[in-house]
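Each chain, letter by letter, is given below.
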6 protein chains.
Amino acid sequence: MPSRIVCFGEVLLRLGAPGRQMLLQSPAFEVHVGGAEANVAVSLAHFGHEAAQVGVLPDNPLGAAAAGELRRHGVDTRALRSRPGRMGLYFLVPGAIHRPSEVLYDRAGSAFAVAEPSDYDWPSLLAGADWLHLSGVTPALGQRAADAAIAAATAARAAGVKVSFDGNYRTKLWDAWKGDAPGLLRRIIDNADILFADHRDIAVVLGKEFAQADSESRVDAAAAAAFEAFPRLGRLATTLRTQHSVDHHALSARMLSRDGQTHQTGSHEISPIVDRIGAGDSFAAGVLHGLISGQSDEDALRFGLAASCLKHSLPGDFNLLGVEDVRAFVKQGRFDVRR
Amino acid sequence: MPSRIVCFGEVLLRLGAPGRQMLLQSPAFEVHVGGAEANVAVSLAHFGHEAAQVGVLPDNPLGAAAAGELRRHGVDTRALRSRPGRMGLYFLVPGAIHRPSEVLYDRAGSAFAVAEPSDYDWPSLLAGADWLHLSGVTPALGQRAADAAIAAATAARAAGVKVSFDGNYRTKLWDAWKGDAPGLLRRIIDNADILFADHRDIAVVLGKEFAQADSESRVDAAAAAAFEAFPRLGRLATTLRTQHSVDHHALSARMLSRDGQTHQTGSHEISPIVDRIGAGDSFAAGVLHGLISGQSDEDALRFGLAASCLKHSLPGDFNLLGVEDVRAFVKQGRFDVRR
Amino acid sequence: MPSRIVCFGEVLLRLGAPGRQMLLQSPAFEVHVGGAEANVAVSLAHFGHEAAQVGVLPDNPLGAAAAGELRRHGVDTRALRSRPGRMGLYFLVPGAIHRPSEVLYDRAGSAFAVAEPSDYDWPSLLAGADWLHLSGVTPALGQRAADAAIAAATAARAAGVKVSFDGNYRTKLWDAWKGDAPGLLRRIIDNADILFADHRDIAVVLGKEFAQADSESRVDAAAAAAFEAFPRLGRLATTLRTQHSVDHHALSARMLSRDGQTHQTGSHEISPIVDRIGAGDSFAAGVLHGLISGQSDEDALRFGLAASCLKHSLPGDFNLLGVEDVRAFVKQGRFDVRR
Amino acid sequence: MPSRIVCFGEVLLRLGAPGRQMLLQSPAFEVHVGGAEANVAVSLAHFGHEAAQVGVLPDNPLGAAAAGELRRHGVDTRALRSRPGRMGLYFLVPGAIHRPSEVLYDRAGSAFAVAEPSDYDWPSLLAGADWLHLSGVTPALGQRAADAAIAAATAARAAGVKVSFDGNYRTKLWDAWKGDAPGLLRRIIDNADILFADHRDIAVVLGKEFAQADSESRVDAAAAAAFEAFPRLGRLATTLRTQHSVDHHALSARMLSRDGQTHQTGSHEISPIVDRIGAGDSFAAGVLHGLISGQSDEDALRFGLAASCLKHSLPGDFNLLGVEDVRAFVKQGRFDVRR
Amino acid sequence: MPSRIVCFGEVLLRLGAPGRQMLLQSPAFEVHVGGAEANVAVSLAHFGHEAAQVGVLPDNPLGAAAAGELRRHGVDTRALRSRPGRMGLYFLVPGAIHRPSEVLYDRAGSAFAVAEPSDYDWPSLLAGADWLHLSGVTPALGQRAADAAIAAATAARAAGVKVSFDGNYRTKLWDAWKGDAPGLLRRIIDNADILFADHRDIAVVLGKEFAQADSESRVDAAAAAAFEAFPRLGRLATTLRTQHSVDHHALSARMLSRDGQTHQTGSHEISPIVDRIGAGDSFAAGVLHGLISGQSDEDALRFGLAASCLKHSLPGDFNLLGVEDVRAFVKQGRFDVRR
Amino acid sequence: MPSRIVCFGEVLLRLGAPGRQMLLQSPAFEVHVGGAEANVAVSLAHFGHEAAQVGVLPDNPLGAAAAGELRRHGVDTRALRSRPGRMGLYFLVPGAIHRPSEVLYDRAGSAFAVAEPSDYDWPSLLAGADWLHLSGVTPALGQRAADAAIAAATAARAAGVKVSFDGNYRTKLWDAWKGDAPGLLRRIIDNADILFADHRDIAVVLGKEFAQADSESRVDAAAAAAFEAFPRLGRLATTLRTQHSVDHHALSARMLSRDGQTHQTGSHEISPIVDRIGAGDSFAAGVLHGLISGQSDEDALRFGLAASCLKHSLPGDFNLLGVEDVRAFVKQGRFDVRR
């Protein structure tokens, strides 16, 4: 039986240069709809769940188009509100080889960013939900968005809705309004059942450094600190990414739980990468699917990693693959044409 | 000998849906660089003049690309400044038949809009200039931009640089910040030698209605009122546009001067329109070219009208045609392939 | 309060040559989702109604994508079923000037065409519906589809759901299986409250000729015959199309009712046509919207005509415009850029 | 039974700006294969004839691709030779409204232009042919090409192969090498059975002016002079083109024969023009088809005119329509979608 | 001296999603013409042979376009017949990294599939031929196609035309009509001189398992079984493909002959793959070219492998490279720009 | 303080097949502006220098567009002259995997190639310059261009402007006019301060072979010979390129100076290559930037290598990256998305 997951966050338009070009090297943009939480919603919808997006979009054709794109992928958009304001945008310069991709945010003053916390009637929005998914991008957008995220997490906790939180720490966004990242993030994570975060996210939140020699140890130390700081937190999961070049990464995943279990997957070589944006959101969606559908932690972690790897093969922010596609990779990894 | 014309205003990116589609009907935008005053600068550069753009662009790849596009068309961009802020955008839904084109502005908070008037050292910026060209879009962007435009016009007047002003009244922009359009516009027009405006622009500025039966009479009445209100104003010119459908307009032009001359051209059928954006700016550039290069008022008006008509045949905001192209249409209007 | 309209029919992919080319003149197809009844559903959804599509799509990525496209435009797709079979396709050669557009159907053996009538549980599918919309394309697809359409119309009549039927007579489809068009169509129309049809449709159904000198008289005679033959039929509406060239049509509309009223609109010149496909479906959706929302017959007819005219300005099979867009044209017809 | 027509001339690549843009306004070219005589060959092949192209192409991938494109359309390319040299090119700026299209030739030094007349073994090349088609573009390319064209026409005459010649006078090409246009053209036309030419072509060839008031009289006077000057010439045919704008022409056709018959068609409005290039070649191919297939002069002329009109609806240099498509327009001119 | 090779099979259109997208992720298809046997014909034509395609295409613009595409690449299409029916299609989802490409066949009811065996007059079709090439796709399409393939092979054997057969076992196609794959394939292979097949193909045909530890041993065992079962079979050749990821394969080749010779090439790394479709057909064409042109078995095998490797670098189903291109790779493998 | 570098050479249009296709596999060209010396000018302009292009372009829209493109990227184009003649072109077949990219030059008879040496007033053109950059492509174009390059180098030497020369030996170009490459190149290099060349370039110039076992030794021997032959030459720099496949190269760099210093960088793996054209020019620009801005030889070499590596990630001939982008790679090489 499908679960209902409510995702709260900003839906954005990505305007990307085509074909590894610089921005406006030729006079066109390829457009994708995205947003950290919407990416999770779309992936969960493709996994067969009832995923709903909560948020505010501008009352103009761009907002309508973005909502339509979510609907196209099976997301319940009935709770999205139209308000005055502009559409949140980001421009993407797709990188290659040794030239990193660059994201240029243009989301200040968006309808989402200027929405009032009182615009959200959380008890009603969460009615019937099994999970609430949030990410650290939302509080980074400003005080109003941070307050709304805290309200959402608190309401979920009160209503018995489980809370999933993806760290997604974005320095530039926090710096732009000099928000109190640690304080605000702690108020959200305090309600979280599962946290998608690496040691850098935890370092920001707890004001500690994790300087262990290898990344696994840093994650483990960060997880231990998180479990201590957040007594309701059950699990912490993260991918571990090695970057050989812009086009070639290797990815593994690690999940720890309060009860002391640690699961670590093997590593997959990902090359040549088609589109890396949204890979973290795909991981979160994959792990959530695994947990929701009753997989063991180990299987859920492997499912999440496979989903994340597969996302790199798809243009756009969304992971459009279904459960069978992900399972096929988990099971065997066959790579010839399927006819 | 070419003249030097300084154009002051915001440079924008147009993001348009391809091929008469609705916004995001397919996931791509065609991008053009534009802006009322930049359009004039580009056209004057193609007419062989020394045209310089003054303004502020964001210190990011979009701003750099926009400046590059002006440079590509021969505009002197050395006075453009890079400042923090976002790039001014507008989204264009290209219309057809009975469905009007729509412009969705997204320029709030742009680097240009938030620039300080003190950012512009007008005596230096106007050194060596013969003309300053401004339009009513700039003061409509907010108090800072309005102040800058007034400062520019005043400095030009003081320095003996002639001032050209294009009304370009945009209700939505003024309404967004509840600016005192009449008061601010009057302070600019007070310095203008030539005004591109129709009776609606004058009505706003002077708070009068011009309800004559035909459009020529309304223009004449508005011009008379303008000459009375602005003692330094020498000429008023405007196109008269009849709209049979979105794709089929007819265009004539009218110019009046303080000394009582009135010139009226014949009308050209324009069908099917390729791109109507920037046609008014092309008219202004054409008339300015005519006057600057010593044509009679009548010839300058016909040149301006021809330039405006020809703009409708070109995708994008800019008129890319040269003096010979415009003259060929003024003289004869031959329409078969030139081999 | 929005009404619920159930549309039953095949959802198709249109594969069209780009830019007025012949098929495969260059190696690409532009793809649109369409289908006579789905076009009505999409338009009604954009008019704010609760429009649901009923039918069968293949259980493959093409079927899923087609359903997603309907959902994107706000259509309720929960009743669409996935079944083995192929996706119905049509290839479009876009015409120009004196060269007519051509449709090449490739829908034999589609999942819709081979669906069993028993696949549709009409009482359940029609629960809560105000209207059922059908068209003559469905029975033309074969005996199974014809039986399903008859069952739908009959069930609607039984359940007090009003029935709208659009003639859409397609000779080639009927000829392909030598179906008894008159007999089958009569069984559907027998249940119809409103019929969108011209004299040619009625001639087929009733086996009569309507050879009056002018098209208005032919429609009137056909309507009279229809009202006589189908005692439950309340209204007959049609557009009257004059074709000056492939790119230039003129369109008016006529509606007659059983109580003897006749409404005739003025004529609109439509030039240059962007995409004529779906214009009839837009007319039906517009008239239905008018009637459903309580407009007078005259206003509903004018609304339907305006919707149909506006469709010609949009690429693809769907009319994506909303009530305000249509009303703006009905009221005034202003054709300059809206800023 | 199909006839065999040998077409001799240069095959070119057209590099055109997309979508009514100026050259390199955006960084792409749309490519078409063309050439006055190849256009005739392609059209005749689509009309069901055995059409062969004779000429020289560069021994590089561009030459191979051009030959392949002719073959794709059914032209016999076995007699095309590969030789060192470059590919003949032309750049097309597609015009619109009042801005004429422009052709920028870049064919100097092409493999065709530098081919030796001795490269062509005319008796062998003409074996089995019913007609040889040439145009005035070939001798305009230089002395070698002119000599080859004269040799071809002379050989055809000697072998009893009928000769068709299309004037196609191109001032720029003749001026570039200061060739003796009248002298060279006369030596070709001396062998022609049918001449596609208007009064301007004849004026060049005979050094006379035709200054009659209307175009029909000018054609008639030119034809009379041509029949007198060229005793073997049987027919002269031409289109008469009225240009309302770049997008809207009207076209009729006129044919005169040595025995004193004059045929004049009605006029067709052509709007909006998709691609005017090759319309004259389509006329020639249409008239030739008519004559070859035993139509009366009047019918052949109407067929040629219809073919030429229809060409305006097709992107590229070629008329891709078949006999039935042309006949459908001649007979009735129906303009709605064919389903 | 070129040989004449007759290829018999269905010509298909490939409709592929652009740029690694999912089907209809954006609304466009890239179109290629293909088909296992047509791919061989095109490659052999580019190698300088007289390659003819035999088969049936629908009597519509798609069929005509497909034939034109073959002609463009030098294939003799005079024996292709036009018949009622639909065009065989396949949809391609291009994979990447860990996401396999997927082929969605849509060829049921195609003009080829419903053609009668009696439509083919084999003695006439094979007149003058040196080789007949067939593949296992054709009998998989249904009884009629299987009968035609058997008739072709038998007629070739009778006429002294050598027979080449490529296994190309497609489970989905055979399953769709529950055809007797082993029985039908045996009747074709019985006439084959050369068989392109791996151990899986032979396993199907002979109903045996080949479970040797390494792929070379499996091929050897299968070849031995095939030589025993088919006394006229002279050679068996296959590629051996290792799949590191969707974008990175390694390819070697192995050929065995009845007289006991075994040839094995080295392995080439192929990364990143541009288009893997048609690589097997390119191998067959390359080996056939080698054998036909008198190369040793070892050289023919290396030529075939090189041709297959190179195909991976070309978009579309066809290998468009010529003998010199393939030789350049066989000889040296230099990878910098050739200027 | 920025330096002024004058680059002298031909500006070309690249017409490339899109997406790894063969030329005209689909009917489109992607267009880029390039040219060995212009590439250097563009890169230096992006590095913040005052880079000026000297040369001749055709007096047509293509020449104007090419100049505009240089201007767009900040190059001073005021010294470019418009003259009769054609635009120099090259066609690019983009390779992949084992299929090398191919350049098909089409620059014979270009306005640059036919320009008179007297067209260049070198003292004036070099006034204020710090460096003159030339390459071996220019003298390869014919005697006139060779004479101009020699005159430029001589004038620079006389005026105290440093001279940079990039070998760029192109056999096909020299062979086409049988020019005396060694003699002409020596007269240029005689004036050079820095030479970008490998052992093959030196071998041509000095008529010696360098057959040492490894490439470093060959470069060292060639450098020694060059320092001996050209007493004013201060430095020789080159990249060392290992080609694993068309898509995967490894690149290091080596620079030697007259005073006996040798610097060798480490090697970077470059995979998958987006566009290799212009990588050598980017190296030259990078090294020049380093030297001009006072870096040590070692740092300049590493900067040049980084610039060259990064160029492989950008479509087109130009390196559009700035100093900070290059430094980021030199310093650390981080490859994840920058947000």
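Residues numbered from 1 in each chain as written. Chains lettered and ligands numbered in written order. Predicted model: local features only at pLDDT ≥ 70, side-chain atom pairs only at ≥ 80, totals over all residues. Heavy atoms only, no water.

S.K.: What should I look at first to understand the overall build of chain A in this one?
M.R.: For chain A, the helix and strand inventory stands at eleven helices and 14 strands. For chain A, the C-alpha radius of gyration of 19 Å lies close to 20 Å, the compact-globule estimate for 339 residues. The 339 residues of chain A split such that 66% are buried. Long-range contacts, defined as pairs at least 24 residues apart, comprise 67% of the intrachain contacts of chain A with a sequence gap of at least 6. Here chain A has roughly 11,300 Å² of accessible surface; of this, 48% comes from carbon and sulfur atoms. (Helix = DSSP H or I, 4+ residues; strand = E, 2+ residues; numbered from the N terminus. Rg over C-alpha atoms; globule rule 2.2 N^0.38 Å. Buried < 20%, exposed > 50% of the residue type's maximum accessible area, 1.4 Å probe, protein only. Contact = heavy atoms within 4.5 Å. Areas by Shrake-Rupley, 256 points an atom, 1.4 Å probe, with all protein chains shown as cover.)

S.K.: Looking at this model, I keep getting lost on the relation of the copies chain F and chain A. Mind explaining?
M.R.: Each of the two chain copies goes to the other by way of a rotation about an axis and a shift along it. Each copy superposes on the other: chain F lies on chain A with an RMSD of 0.0 Å after a rotation of 120 degrees and an axial shift of 0.0 Å. The superposition operator between the copies reduces to a three-fold rotation axis. If distances are taken from each C-alpha of chain F to the rotation axis, the shortest is found for proline 272 of chain F, at 4.3 Å. (Least-squares fit on C-alpha atoms with pLDDT ≥ 70 in both.)

S.K.: Explain the interface of chain F and chain A here, please?
M.R.: Every contact between the two is made by 25 residues of chain F and, on the other side, 27 residues of chain A. Across the chain F to chain A interface the summed buried area is about 2,300 Å²; carbon plus sulfur atoms make up 60%. Summed over the shared surface of chain F and chain A, the number is two salt bridges. Ionic pairing is found between aspartate 336 of chain F and arginine 276 of chain A, a salt bridge with its closest N-O pair at 2.5 Å. For the pair chain F and chain A, the interface holds ten residue pairs in polar contact (both at pLDDT 80 or more). Mapped by element, the contributors of at least two residues to the side of chain F that touches chain A are strand S14 (268-270), helix H10 (297-311) and helix H11 (323-331) of chain F. In terms of residue count, the dominant contributor to the side of chain F that touches chain A is S14 of chain F (three residues). (Buried area = accessible area lost by both parts, 1.4 Å probe. Salt bridge = Lys/Arg side-chain N within 4 Å of Asp/Glu carboxyl O. Polar contact = N/O pair within 3.5 Å; in protein donor to acceptor, adjacent residues only side chain to side chain.)

S.K.: Would you explain the interface of chain C and chain B in this entry?
M.R.: By a frequent convention, interface size equals the accessible area lost on bringing the separate parts together. Each partner contributes to the interface: chain C provides 25 residues, whereas chain B provides 27 residues. Between chain C and chain B, a total of about 2,300 Å² is buried, with carbon and sulfur atoms accounting for 60% of that surface. When the buried surface of chain C facing chain B is broken down by residue, Phe335, Arg338 and Arg339 of chain C rank first, second and third, together holding 36% of it. A salt bridge links glutamate 102 of chain B to arginine 338 of chain C; its shortest N-O distance comes to 3.6 Å. Those elements giving two or more residues to the side of chain C that touches chain B turn out to be strand S14 (268-270), helix H10 (297-311) and helix H11 (323-331) of chain C. With three residues, S14 of chain C is the largest single contributor of residues to the side of chain C that touches chain B.

S.K.: Honestly, unusual backbone geometry in this entry has me stumped. Any pointers?
M.R.: As a rule of thumb, non-glycine residues mostly have phi less than zero, and peptide bonds are mostly trans rather than cis. The linkage connecting serine 271 of chain B with the following residue, proline 272 of chain B, adopts the cis geometry, with an omega of -10 degrees. Here proline 272 of chain B lies in the loop between strand S14 (268-270) and helix H9 (279-292).

S.K.: I tried to follow the pairing of strand S6 (residues 89-93) of chain C on my own but got confused; where do I start?
M.R.: When a strand is regular, its side chains alternate between the sheet's two faces. All names here are of chain C. With five of five residues buried, S6 is to be regarded as a mostly interior element. Alignment of strand S2 (residues 12-16) against S6, held across four bridges, turns out to be parallel. Looking at S6, one finds that arginine 14 is bridged to tyrosine 90. Of the strand pairs in this sheet, S6 and strand S7 (residues 102-106) are connected by five bridges, and their pairing is antiparallel. Across the sheet, phenylalanine 91 pairs through a bridge with leucine 104, a residue of S7. (Pairing = 2+ DSSP bridges.)

S.K.: I keep staring at the relation of the copies chain C and chain B and nothing clicks. Help me out?
M.R.: By a simple turn and slide, chain C fits onto chain B: the slide is 0.0 Å along the axis, the RMSD is 0.0 Å, and the turn is 120 degrees. Interface overlap between copies: only 4% of the residues of chain C at the interface are likewise at the interface in chain B, consistent with a contact formed by different surfaces.

S.K.: Mind showing me how you'd approach the pattern of salt bridges here?
M.R.: Oppositely charged side chains may form a pair once their charged atoms are brought near each other. Taken as a whole, this structure holds 124 salt bridges over all chains when the rule is applied. The shortest N-O distance in the salt bridge between arginine 83 of chain E and aspartate 119 of chain E comes to 3.7 Å. Here arginine 83 of chain E, found in strand S5 (residues 80-83), pairs with aspartate 119 of chain E, found in the loop between strand S7 (102-106) and helix H3 (122-126); they are 36 residues apart in sequence, far enough to count as distant. Judged by relative accessible area, arginine 83 of chain E falls into the partly exposed class, the value being 27%. Taken together, the salt bridges that share partners define one network made up of Arg4, Glu50, Asp76 and Arg78 of chain A.

S.K.: Help me understand the environment of glycine 160 of chain D, please; the structure alone is not making it clear to me.
M.R.: All names here are of chain D. Positionally, glycine 160 belongs in the loop between helix H4 (143-159) and strand S9 (162-166). Assessed through its relative accessible area of 59%, glycine 160 is described here as exposed. Spatially, the C-alpha atom of glycine 160 lies 28 Å from that of alanine 203, the residues being 43 residues apart in sequence.

S.K.: Hey, could you run me through the sheet that holds strand S7 (residues 102-106) of chain F in this one?
M.R.: Whenever strands of a sheet pair, they do so through backbone hydrogen bonds, lying parallel or antiparallel. Strand order in the open sheet made by the eight strands is S7(D)-S6(D)-S2(D)-S3(D)-S3(F)-S2(F)-S6(F)-S7(F), with mixed pairing throughout. Edge strands, defined here as strands with exactly one partner in the open sheet, are strand S7 (102-106) of chain D together with S7 of chain F. Between one strand axis and the next, the sheet turns by 30 degrees as a mean value, whatever way the strands run. For strand S3 (residues 28-34) of chain D and strand S3 (residues 28-34) of chain F, the ladder comprises three bridges, and the chain directions are antiparallel. The residue of S3 of chain F that forms the bridge with alanine 28 of chain D is glutamate 30 of chain F. (Axes fitted to C-alpha atoms, helices over the stretch in contact; angles between N-to-C directions.)

S.K.: Please clarify how the packing of aromatic side chains should be interpreted in this entry.
M.R.: Residue and element names in this part refer to chain A. The final tally for this structure, using the stated rule, is 60 aromatic pairs over all chains. Between phenylalanine 29 and phenylalanine 91 the ring centres are 5.5 Å apart and the planes differ by 55 degrees, which places this aromatic pair in the tilted class. You can see phenylalanine 29 sitting in strand S3 (residues 28-34) and its partner phenylalanine 91 sitting in strand S6 (residues 89-93), a full 62 residues away along the chain. Of the residues examined, phenylalanine 29 reaches a relative accessible area of 1% and is grouped as buried. Each member of the aromatic cluster is reached from another via a ring pair, and the members are Phe8, Phe112, Tyr120 and Trp122. (Phe/Tyr/Trp six-rings, centres within 6.5 Å; stacked < 30°, edge-to-face > 60°.)

S.K.: Hey, could you run me through the packing of helix H1 (residues 36-46) of chain B against H9 of chain B in this one?
M.R.: Residue and element names in this part refer to chain B. It is at 8 Å that the axes of H1 and H9 come closest, and there the two elements cross at 45 degrees. Here H1 is positioned oblique relative to H9, judged by the angle of their axes. Like other packed secondary-structure pairs, H1 and H9 cross with a definite hand, here right-handed. Here H1 contributes Ala36, Asn39, Val40, Ser43 and Leu44 to the contact with H9, which in turn contributes Asp281, Ala284, Ala285, Leu288 and His289. Residues of the contact of H1 with H9, tallied by class, amount to six nonpolar, three polar and one charged. (Parallel < 35°, antiparallel > 145°, perpendicular 65-115°, else oblique. Left-handed = near helix turned anticlockwise from the far one by under 90°. Nonpolar A, V, L, I, M, F, W, Y, C, P; charged D, E, K, R; others polar.)

S.K.: Just checking my understanding: could you explain the sheet that holds strand S6 (residues 89-93) of chain E for this structure?
M.R.: The sheet built from eight strands is open, its strands ordered S7(C)-S6(C)-S2(C)-S3(C)-S3(E)-S2(E)-S6(E)-S7(E) with mixed pairing. The outermost strands of the open sheet, each flanked by one partner alone, are S7 of chain C together with S7 of chain E. Each strand axis lies, on average, 30 degrees off the axis of its neighbour in the sheet, ignoring direction.

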